[in-house]
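Residues per chain are reported as follows:
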Amino acid sequence: MNADKIIVALDVPDLESAIALVDKLPQVTFWKVGLELFTSTGPKILEILKSQEKRIFLDLKFHDIPNTIAGACRAAAGYGVDLLTIHATCGKDALKAAAEAVQIGAEKAGTKPPKLIAITLLTSISARQLAFDLKIPLELPEFTLEMALLAQNCGLNGVVCSPQEVQQLRTSCEKDFLLVCPGVRPTWAEKGDQKRSLTPSQAITAGADYLVIGRPITAAAVPELAWNQIVEELKTV
Ligand SMILES: O=C(O)c1cc(=O)[nH]c(=O)n1[C@@H]1O[C@H](COP(=O)(O)O)[C@@H](O)[C@H]1O
């Protein structure tokens, strides 16, 4: 069912707001805990979500040298989360170290290793910014493909990519390589800082395995209505 493919971003400042949102949306089975909430609450929020049998995407977007990445991935894997992020631009050695470390960390904690997924290029970056601010001399689709192939070759389980690139990655990467798409915007939602977006139905049609959706649901006047509208849209796919 397509509703199971929606991961809702729990981007709130503290534990109380997080619990209130989770309680308001009992139909959500997969939550993303990102930098804001994890920095504020630490692993406490993960325990709460697990006690409710929710799946968890721990989005800490690690970006560091191989030794530090390995230590962080070992620790994060011990939480027994389902997905974990690292930036592909950490490079080959760090990605390989991360892939090995999640196995070691999970084994030590007696839990299942998370699927390790790499950020290809943040969905808040436009083609113009890639060229003129970051000085990357590749076309955007080529750059994201290179990052995805790098992650795949280093043994990662998938990537985070914009829905605009998902079709190309679906055809170029292995069949079971996970494609997780933030930057998803229903036609009625504001784009905000997202630069490379598509609608939920377009993203699923293009081949996304999961959609990460935050503000269109969590900042809506009635989050449950926004959720229902997105689920209805996905029934048409
Ligand atoms: O790793 C992510 O989840 C992520 C990668 C990316 O390139 N772009 C991106 O928006 N995200 C996350 O996806 C969520 C999108 O939230 P909204 O823009 O509110 O729907 C945020 O929590 C971001 O941190």
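Residues numbered from 1 in each chain as written. Predicted model: local features only at pLDDT ≥ 70, side-chain atom pairs only at ≥ 80, totals over all residues. Heavy atoms only, no water.

- Under an unreviewed UniProt entry, the chain has the name Orotidine 5'-phosphate decarboxylase and belongs to Dolichospermum compactum NIES-806.
- As recorded by UniProt, the Pathway (unreviewed entry) comment attached to the chain reads in full: "Pyrimidine metabolism; UMP biosynthesis via de novo pathway; UMP from orotate: step 2/2."
- Heading Catalytic activity (unreviewed entry) of the UniProt record for the chain holds this comment: "orotidine 5'-phosphate + H(+) = UMP + CO2". (UniProt positions renumbered as here; feature names shortened; annotations may be inferred.)

**With respect to the overall build of the chain**
Move 1: Counting its secondary structure elements, the chain contains 11 helices and eight strands.
Move 2: Taking 237 residues into account, the globule formula puts the C-alpha radius of gyration at 18 Å, and the chain, at 17 Å, falls close to it.
Move 3: With the C-alpha coordinates aligned to their principal axes, the bounding extent of the chain is approximately 45 × 40 × 30 Å.
Move 4: The buried share of the chain, taken over its 237 residues, is 52%.
Move 5: Taking as baseline every contact in the chain between residues at least 6 positions apart, the subset at least 24 positions apart corresponds to 67%. (Helix = DSSP H or I, 4+ residues; strand = E, 2+ residues; numbered from the N terminus. Rg over C-alpha atoms; globule rule 2.2 N^0.38 Å. Buried < 20%, exposed > 50% of the residue type's maximum accessible area, 1.4 Å probe, protein only. Contact = heavy atoms within 4.5 Å.)

**What about the site of the ligand?**
Move 1: Close contacts around the ligand come from 18 residues, with Asp11, Lys32, Thr123, Arg185 and Arg215 the closest.
Move 2: Here arginine 215 contributes a backbone N or O atom positioned 2.7 Å from an oxygen atom of the ligand.
Move 3: Where the shell around the ligand is concerned, the elements lending two or more residues are β3 (55–62), β8 (210–213) and α10 (215–218).
Move 4: Sorting elements by how many residues they give to the shell around the ligand places β3 first, with three residues.
Move 5: Residue composition of the shell around the ligand, by class: nine nonpolar, three polar and six charged. (Near = heavy atom within 4 Å. Polar contact = N/O pair within 3.5 Å; in protein donor to acceptor, adjacent residues only side chain to side chain. Nonpolar A, V, L, I, M, F, W, Y, C, P; charged D, E, K, R; others polar.)

**What about the side chain of lysine 54?**
Move 1: Looking at where lysine 54 falls in the secondary structure, it is placed in the loop between α3 (44–51) and β3.
Move 2: No salt bridge is formed by the buried lysine 54, whose closest oppositely charged neighbour, aspartate 23, lies at an N-O distance of 8.0 Å.
Move 3: Every residue in contact with lysine 54, bar those within four places of it in the chain, is listed here: Val22, Pro26, Val28, Thr29, Trp31 and Leu49. (Lys, Arg positive; Asp, Glu negative; His and termini not counted. Salt bridge = Lys/Arg side-chain N within 4 Å of Asp/Glu carboxyl O.)

**Considerations on the nonpolar core**
Move 1: Of all hydrophobic cores here, the largest spans 72 residues; its most connected members are Leu10, Trp31, Val33, Leu58, Ile86, Leu156 and Trp227.
Move 2: Per-element accounting of this core gives the leading share, eight residues, to helix α5 (residues 92–109).
Move 3: The residues contacting valine 33, other than those within four sequence positions of it, are Phe38, Ile45, Leu46, Leu49, Ile56, Phe57, Leu58 and Asp59.
Move 4: Of all hydrophobic cores here, the second largest spans 12 residues; its members include Phe57, Leu83, Ile119 and Val212. (Core = buried A, V, L, I, M, F, W, Y, C linked by side-chain atoms within 4.5 Å.)

**Describing the confidence of the model for the chain**
Move 1: Chain-level pLDDT for the chain is 98 on average; 100% of the residues reach the 70-or-more range.
Move 2: The ipTM, which scores confidence in the relative placement of chains, is 0.99 for this predicted complex, and the corresponding pTM is 0.98. (pLDDT = per-residue confidence, 0-100.)

**A few points about the UniProt feature "active site" (unreviewed entry) in the chain**
Move 1: Per the UniProt record, "active site" (unreviewed entry) is annotated on Asp59, Lys61 and Asp64.
Move 2: Residue placement: aspartate 59 occurs in strand β3.
Move 3: Relative accessible area serves as the criterion here: at 3%, aspartate 59 is assigned to the buried category.
Move 4: Residues contacting aspartate 59, with those up to four places away along its chain left out, are Lys32, Val33, Gly34, Leu35 and Thr85.
Move 5: Engagement of the side chain of aspartate 59 in a polar contact is seen with the side chain of lysine 61, the distance being 2.7 Å.
Move 6: Position of lysine 61 among the secondary structure elements: in strand β3.
Move 7: For lysine 61, a relative accessible area of 25% gives the class partly exposed.
Move 8: Discounting residues that sit within four places of it in the chain, lysine 61 has contacts with Thr85, Ile86, His87, Ile119 and Leu122.

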